[in-house]
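Below are the chains, spelled out letter by letter.
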Amino acid sequence: MRLLKLQSTILLLYVLVIAACNNNNETATATSPHANEEVPVSKDVIFDRLIGTWQNTDGKSFESWYKNEDGSLRAAAYKLKGTDTIWTERASIYPENGKWVFENTVSGQNEGKAVKFISTQMNANSVQFTNPAHDFPTDINYTLTSDGSLHAFIIGPNKKGGKDTIPFDFRKIR
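Note that the structure is predicted; figures quoted are calculated from it, not measured. (Residues numbered from 1 in each chain as written. Predicted model: local features only at pLDDT ≥ 70, side-chain atom pairs only at ≥ 80, totals over all residues. Heavy atoms only, no water.)

**Q** Could you give an account of the packing of aromatic side chains, naming the residues involved and the relevant values?
**A** In total, this model carries 8 aromatic pairs according to the counting rule given. A centroid spacing of 5.7 Å and a plane angle of 90° characterise the contact between Trp65 and Tyr142, whose relative ring orientation is edge-to-face. Of this pair, Trp65 sits in strand 4 (residues 61-67) while Tyr142 is found in strand 10 (residues 139-144), placing the two residues 77 residues apart along the sequence. Given a relative accessible area of 1%, Trp65 falls into the buried group. (Phe/Tyr/Trp six-rings, centres within 6.5 Å; stacked < 30°, edge-to-face > 60°. Helix = DSSP H or I, 4+ residues; strand = E, 2+ residues; numbered from the N terminus. Buried < 20%, exposed > 50% of the residue type's maximum accessible area, 1.4 Å probe, protein only.)

Next up, the structure:
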């Protein structure tokens, strides 16, 4: 099992190095360590730039992103209340069935079960994940701005038949 994981990791790193050395914007493919299918890998995607700890402009909310050995990402969202840390969400981003998946577990919601959102748009500065079957949100977006901040927002239906957008603005602190 360890040998297979090591081989998958080496293959993924090899493809990432080849893609990074390629001077054009063509997309390469790699074998997903999560689901033996090909997924797009490009030098022009946002994921590696998410790694680190981001502080919300409210000063009390944070997201910390980490890269796993297999190339997937994991995150923890939390708030500070006095000297206490309150964990509010856990998320991961990983390839599955030829797409990237954002899987999120929010404290006190969905009976503690994770909800999957599938990538629909992605480039060097932004990514959008969608799950039209979820009640709220149906869309999760991350955009890195030119000044190095992170603008995240969720979109979903409201009771008036329209859609609400809730923004979250972050700055990188480490």
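**Q** Residues and numbers for the confidence of the model for the protein chain, please.
**A** When pLDDT is averaged along the protein chain, the result is 81; 75% of the residues meet or exceed 70. Here residues 1-38 is modelled with pLDDT under 50, and outside its nearest four sequence neighbours on either side it reaches 49 contacts, counting other chains as well. (pLDDT = per-residue confidence, 0-100. Contact = heavy atoms within 4.5 Å.)

**Q** If you had to explain the pairing of strand 12 (residues 163-172) to someone new, which residues and values would you point to?
**A** Each regular strand displays side chains that alternate between the two surfaces of the sheet. Here strand 3 (residues 52-56) runs beside strand 12; their pairing, made up of 3 bridges, is antiparallel. Bridge pairing in strand 12 places Asn56 opposite Phe170. Here strand 11 (residues 150-157) pairs with strand 12 via 8 bridges, running antiparallel. Bridge assignment links His151 to a residue of strand 12, and that residue is Asp169. Counting the residues that bridge the hairpin from strand 11 to strand 12 gives 5 residues, and of these Gly161 lies at a positive phi of roughly 90°. (Pairing = 2+ DSSP bridges.)

**Q** Requested: an account of the layout of surface pockets, with residues and values cited.
**A** As a volume, the largest pocket reaches approximately 620 Å³. For the largest pocket, the lining is made up of 34 residues, of which Glu89, Asn104, Val106, Ile154 and Phe168 are closest to its centre. Those elements that provide at least two residues to the lining of the largest pocket are strand 4, strand 5 (73-81), strand 6 (84-96), strand 7 (99-106), strand 8 (115-122), strand 10, strand 11 and strand 12. At 5 residues, the largest contribution of residues to the lining of the largest pocket is made by strand 5. Tallied by class, the residues present in the lining of the largest pocket amount to 20 nonpolar, 9 polar and 5 charged. (1 Å grid on protein atoms, 1.4 Å probe; cavity = no way out; pocket = protein on both sides within 12 Å on 5 of 7 lines; lining within 4 Å. Points joined across faces, edges and corners; volume = space filled by probe spheres on them. Nonpolar A, V, L, I, M, F, W, Y, C, P; charged D, E, K, R; others polar.)

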